[in-house]
Amino acid sequence: SDNLEVYSKFDFVPGDKIIYFDDFSQDFIGDFPSKWNTNGTGEVVQFNSVEGKWFQLKAGYGITYLPLVDGPLPEEYTIEFDFLVQSIDKKTSSTAMLNVTLDDNNGFSDGLAYAFVGLPLGQYGAFNIRVSNRNQGPNQINSSLQTDIRQAVLNKPHVSIAVNKKRFRLWINEKKYVDIPQFIYAPDALKYLKFNLKGLQDGKDKIFITNLKIAEGGVDLRRKLMAEGRISTNGILFDSGSANIKPQSYGIIRQISQVLLEDDSFKLNIIGHTDADGEDNANLKLSKDRAVAVKNALVTIYNISEDRLQTDGKGESDPVGDNSTTDGKAQNRRVEFVKM
């Protein structure tokens, strides 16, 4: 019940047009990932006890990791990724951080203008989240946000970021930690995403990321659904091969519930879609089960009457992206909401 209460208030909504997605599924173990660049090193790895492939980032002086996004970022977009740590403990340095930077260039050095957030990794104290920006001169913002994310760091957290022109928000799992209205002071300049690590002990402290997704945003799904009677979203995520909804998906489901609560006559058909991995019949069943899971969330968490919701699934039969690419597969794993 505590989790349901948390989900009901979660307000992150991912962008609806995928710009970049990488889960490293098309890379070989031990190789540097094909959709990234660096002035250091790193490799794709796999674990016995953790699902999927992960990219190990390595700390060092001036080491930067660049996802090879096709073109500069728009003014409104979202960033999501999962990260995993190993051997991070009370002996890990208080300066250990994962930095996520928006920069004015796609090179390895800091630009004249940037904005970054530093997520603390150490465990022996409750270290602060650091936020800083610069615009061709002294820092405009250079702050430390008092918080405690130690437990989240150790439990494969999901990071969600929303950039809406100058506004910057960041969630870890379902909790919002950063909301700065004028952080991106130059939306037309800060167009490139970078990652780097600080303060990790070589050979001991390790960090890995996966499921990096960048999507153009800014569309209010509620207004679009009410105006057009139909929306499609790839932001409702499920465990692999399962109908279990990932917690970070509830921001979208919350917006759908708000439309239904606004208009008592509004009824919806919820339609699930999958990518082409696996057998056709299994994917058809999975798509139907996922649609039912979304319906159940609306009923259970947001008290929507069950008779206002209908479900269906089309499996892999109606793709909108190329199933031979990771970006295309991510586009195809989606849920549609259609007014009845």
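Refer to the structure above for everything that follows.
Residues numbered from 1 in each chain as written. Predicted model: local features only at pLDDT ≥ 70, side-chain atom pairs only at ≥ 80, totals over all residues. Heavy atoms only, no water.

Student: Where do I start with the pairing of strand 9 (residues 129-135) in this structure?
Tutor: Taken residue by residue, a regular strand's side chains alternate between the two faces of the sheet. Here six bridges tie strand 8 (residues 113-120) to strand 9, and the two strands are oriented antiparallel to one another. From the neighbouring strand, Ala 113 faces strand 9, where its bridge partner is Asn 135. By the bridge criterion, six bridges tie strand 9 to strand 10 (residues 139-145) in an arrangement that is antiparallel. Among the inter-strand pairings, Asn 133 is bridged to a residue of strand 10, identified as Ile 141. Hairpin geometry of strand 9 and strand 10 is characterised by an intervening segment of three residues between the two adjacent antiparallel strands and by a positive phi of about 55 degrees at Gln 136. (Pairing = 2+ DSSP bridges. Helix = DSSP H or I, 4+ residues; strand = E, 2+ residues; numbered from the N terminus.)

Student: I keep staring at the side chain of Glu 80 and nothing clicks. Help me out?
Tutor: As for its placement among the helices and strands, Glu 80 is situated in strand 6 (residues 76-86). At 2.9 Å, the side chain of Glu 80 forms a polar contact with the side chain of His 158. The residues contacting Glu 80, other than those within four sequence positions of it, are Phe 12, Pro 14, His 158, Val 159, Ser 160, Asn 211, Leu 212, Lys 213, Leu 237 and Gln 248. (Polar contact = N/O pair within 3.5 Å; in protein donor to acceptor, adjacent residues only side chain to side chain. Contact = heavy atoms within 4.5 Å.)

Student: Any chance you could explain the packing of helix 3 (residues 221-228) against helix 4 (residues 250-262) here in plain terms?
Tutor: Where helix 3 contacts helix 4, the two axes come as close as 9 Å, and the packing angle between them is 45 degrees. As the angle between them shows, helix 3 and helix 4 are arranged oblique. Classified by chirality, the crossing of helix 4 by helix 3 is right-handed. In contact with Leu 221, Arg 222, Leu 225 and Met 226 of helix 3, helix 4 contributes Ile 252, Gln 255, Ile 256, Gln 258, Val 259 and Glu 262. (Axes fitted to C-alpha atoms, helices over the stretch in contact; angles between N-to-C directions. Parallel < 35°, antiparallel > 145°, perpendicular 65-115°, else oblique. Left-handed = near helix turned anticlockwise from the far one by under 90°.)

Student: Just checking my understanding: could you explain the packing of aromatic side chains for this structure?
Tutor: Describing an aromatic ring pair means giving the distance of the ring centres and the angle of the ring planes. Scanning the entire structure with this criterion turns up 13 aromatic pairs. Centroid distance Trp 36 to Phe 195: 5.8 Å. Interplanar angle 45 degrees. Geometry classified as tilted. Taken together, the positions of Trp 36 in strand 2 (residues 36-38) and Phe 195 in strand 14 (residues 192-198) put the pair 159 residues apart, joining distant regions of the chain. Judged by relative accessible area, which is 0%, Phe 195 ranks as buried. Each residue in the set Phe 24, Phe 32, Trp 36, Phe 55, Tyr 65, Phe 81, Phe 83 and Phe 195 is aromatic and connected to the rest through ring pairs, giving one cluster. Sitting above the plane of the Tyr 20 ring, Lys 35 keeps its charged end 4.8 Å from the centroid. (Phe/Tyr/Trp six-rings, centres within 6.5 Å; stacked < 30°, edge-to-face > 60°. Buried < 20%, exposed > 50% of the residue type's maximum accessible area, 1.4 Å probe, protein only. Lys NZ or Arg CZ within 6 Å of the ring centre and 35° of its normal.)

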